Amino acid sequence: MKISILTYGSRGDVQPFIPLSLGLMARGHSVKLVDPARFQNFAEEYGIHIVPLAGEPAELSRHLNDSASNVVKMVRGLMTHAVEIGADVLRQSEQACSDSDLIIHTFMHAVGAHTLACEKNIPDIHVQLFPLFTPTGDYPNIILPDLRVRSLNRFTHELSHKIVFWTSRAGYAQVRRTAGLPKRKLYSPFDDNRLRPRTPVLCAWSPTVITPSRDWPSSVHVTGYLFSDLAVSYEHPAELRSFLDSGKPPICISFGSMLNRNAENIDRIVGESLRQTNNRGIILSGWSELKGARSNEILYMEAVPHQWLLPRCKMIIHHGGAGTTSAGLRSGIPNIVIPYTADQPFWGKRVHALGAGPKPIPVKELSTENLALAIDESENSAIRNRVQIVGQELRNEDGVESSIDLIEKYANDFYGKEP
């Protein structure tokens, strides 16, 4: 099969599709990974055919950061960014899928990619990195508090689905007018369509972390995380090896793609907390581009593969992005989550509920005192023992193989082929 995988966002939205692409290629399929141009070199290192998309994901990160927990601002920020790049992304995506037999898509592409699949009469599959389009009464939409009534929790999911579809339709109308695109009927992959089977949803997280809901239809599957062992061969810089060898295991601090106007103050709080608790730290500056002088206690690095670094650390402090959370849990070390926006508070609560870390500290409430207390709490044996159990369970899973089995099954069913 010729398969196009459409994703957009930060590195955490792209990285899971590297092992998935390689796994599909190993099964004999032809794969195009359609993702932001920012990650073209990163993905091409693995020999994957990349179709770069317009737009700068860092701008999306700014929009989300500025919205904090304000849902209206969050939706407005997403829509503003989508409209800015919409015409180019539409053209690039359609060209990438021109010869496709199957389209796999994530959150930002859900409506557009599904509409394209309907027009081409080919199957499509939605991959979720966080629970958004899988209505359940077990918990509310990930950006809302738990309403503790199953019907109300379920309603928040159904409403968010409608909002995404309405904003997608409004956004396309705006892009169409400014770019001179033709009128088009849009379709949601999460609505029933008598002309085609229900679009399957692959939930790319571990059932250990989020238990599958009894509310879900048979088209929703929890596959396990999309990990690989590619980072094991990482060629680390000499200064990183020297720092790791020069003292006790450090704490990893990683805020990934988060861009915060108070980044320097957050960095100061982290540094003081490390000193107060007598810990060393490796600070992965990511998109914030924070830099500090190296010392015996703190090393700044732009990025290091989590899968390589975290087993060499004693714990991780992070923003609660889906990718960083999964890597932190899989490594079997305590996680301290400092959520900024979007799905991050949800993951922070899941980490605490699993017993893999203390209660999350919202970034606007972060202080030297409460971060130092969280570090001390994470040293206790109950958290350390529990997170090691969780980590082993995640390492025993093979989300890539499970996902590929389901992808092939659904494609074969759609085309009426025997397995």
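Shown above is the structure to which this text applies.
Read on for an overview of the structure.

**A short note on the packing of aromatic side chains**
For any pair of aromatic rings, the description rests on two quantities: the centre-to-centre distance and the angle between the ring planes.
Then comes step 1: Taken as a whole, this structure holds nine aromatic pairs when the rule is applied.
Then comes step 2: Both rings, one in Phe 133 and one in Phe 190, keep their centres 4.4 Å apart while their planes meet at 25 degrees; by these two values the pair is stacked. A residue pair is termed long-range when its members are at least 10 positions apart, and Phe 133 in the loop between β5 (124-128) and α7 (150-179) and Phe 190 in the loop between α7 and β6 (201-203) qualify at 57 residues. Across the pair, Phe 190 and Phe 133 agree in class, each one buried.
Then comes step 3: Chaining the aromatic ring pairs together yields one cluster made of Phe 107, Phe 130, Phe 133 and Phe 190.
Then comes step 4: Here Arg 280 stacks its cationic end above the ring of Phe 243, 4.1 Å away from the centre of that ring.

**Digging into helix α15 (residues 399-415)**
Then comes step 1: Across its 17 residues, α15 extends 24 Å between first and last C-alpha, which sits within 8% of the 24 Å expected from 1.5 Å per residue.
Then comes step 2: For α15, the secondary structure elements touched by its buried residues are α2 (17-26), β4 (102-105), β5, β6 and β7 (220-222).

**Things to note about helix α6 (residues 110-120)**
Then comes step 1: Of all eleven residues that make up α6, eight are buried, and the element is covered over most of its length.
Then comes step 2: Those residues of α6 that sit buried are Ala 110, Val 111, Ala 113, His 114, Thr 115, Leu 116, Ala 117 and Cys 118.
Then comes step 3: At the C-terminal side of α6, Asn 121 shows a positive phi close to 55 degrees.

**Comments concerning the pairing of strand β11 (residues 315-318)**
Then comes step 1: The two faces of β11 match: Met 315 and Ile 317 on one face and Ile 316 and His 318 on the other face are all buried.
Then comes step 2: Pairing between strand β8 (residues 251-254) and β11: four bridges, direction parallel. By the bridge assignment, Ser 254 is partnered in β11 with His 318.
Then comes step 3: Judged from the three bridges that link them, β11 and strand β12 (residues 335-337) form a sheet pairing that is parallel. By the bridge assignment, His 318 is partnered in β12 with Val 337.
Then comes step 4: As for the winding sense of the linkage, the β-α-β connection from β11 through helix α11 (residues 322-331) to β12 is right-handed.

**Notes on the sheet that holds β7**
Then comes step 1: The strand order across the open sheet formed by seven strands is β3-β2-β1-β4-β5-β6-β7, and the pairing between neighbours is parallel. Both edges of this open sheet fall to β3 (49-53) and β7, since each of them pairs with a single strand only. The mean angle between the axes of side-by-side strands here comes to 20 degrees, regardless of whether they run parallel or antiparallel.
Then comes step 2: Of the strand pairs in this sheet, β5 and β6 are connected by three bridges, and their pairing is parallel. When the bridges of β6 are listed, His 126 appears paired with Val 201.
Then comes step 3: Packing of α6 onto the sheet brings it into contact with β1 (2-6), β4 and β5, and relative to β4 it is tilted by some 170 degrees.
Then comes step 4: Sheet strands in contact with α15 are β4, β5, β6 and β7, and its direction is about 175 degrees off that of β6.

**Some thoughts on the nonpolar core**
Then comes step 1: Counting 54 residues, the largest nonpolar core has Ile 5, Leu 24, Ile 104 and Leu 329 as its most contacted members.
Then comes step 2: Setting aside residues no more than four positions away along its own chain, Leu 329 makes contact with Val 209, Asn 335, Val 351, Leu 354, Ala 356, Val 387, Val 390, Gly 391 and Leu 394.

**What to know about the packing of helix α9 (residues 263-276) against helix α13 (residues 368-378)**
Then comes step 1: As a packed pair, α9 and α13 sit with axes 9 Å apart at the nearest point and diverge in direction by 50 degrees. One way to sum up the angle between α9 and α13 is to call them oblique. Two packed elements cross with a definite hand, and for α9 against α13 that hand is right-handed. Counting all contacts with α9, which are made through Arg 268, Ile 269, Val 270, Glu 272, Ser 273 and Gln 276, the residues of α13 involved are Thr 368, Leu 371, Ala 372 and Ile 375.
Then comes step 2: Among the residues making up the contact of α9 with α13, the classes are represented as five nonpolar, three polar and two charged.

Rules used in this analysis
- Residues numbered from 1 in each chain as written.
- Predicted model: local features only at pLDDT ≥ 70, side-chain atom pairs only at ≥ 80, totals over all residues.
- Heavy atoms only, no water.
- Phe/Tyr/Trp six-rings, centres within 6.5 Å; stacked < 30°, edge-to-face > 60°.
- Helix = DSSP H or I, 4+ residues; strand = E, 2+ residues; numbered from the N terminus.
- Buried < 20%, exposed > 50% of the residue type's maximum accessible area, 1.4 Å probe, protein only.
- Lys NZ or Arg CZ within 6 Å of the ring centre and 35° of its normal.
- Expected span 1.5 Å × (residues − 1).
- Contact = heavy atoms within 4.5 Å.
- Pairing = 2+ DSSP bridges.
- Right-handed = clockwise from strand over helix to strand, strands pointing away.
- Axes fitted to C-alpha atoms, helices over the stretch in contact; angles between N-to-C directions.
- Core = buried A, V, L, I, M, F, W, Y, C linked by side-chain atoms within 4.5 Å.
- Parallel < 35°, antiparallel > 145°, perpendicular 65-115°, else oblique.
- Left-handed = near helix turned anticlockwise from the far one by under 90°.
- Nonpolar A, V, L, I, M, F, W, Y, C, P; charged D, E, K, R; others polar.

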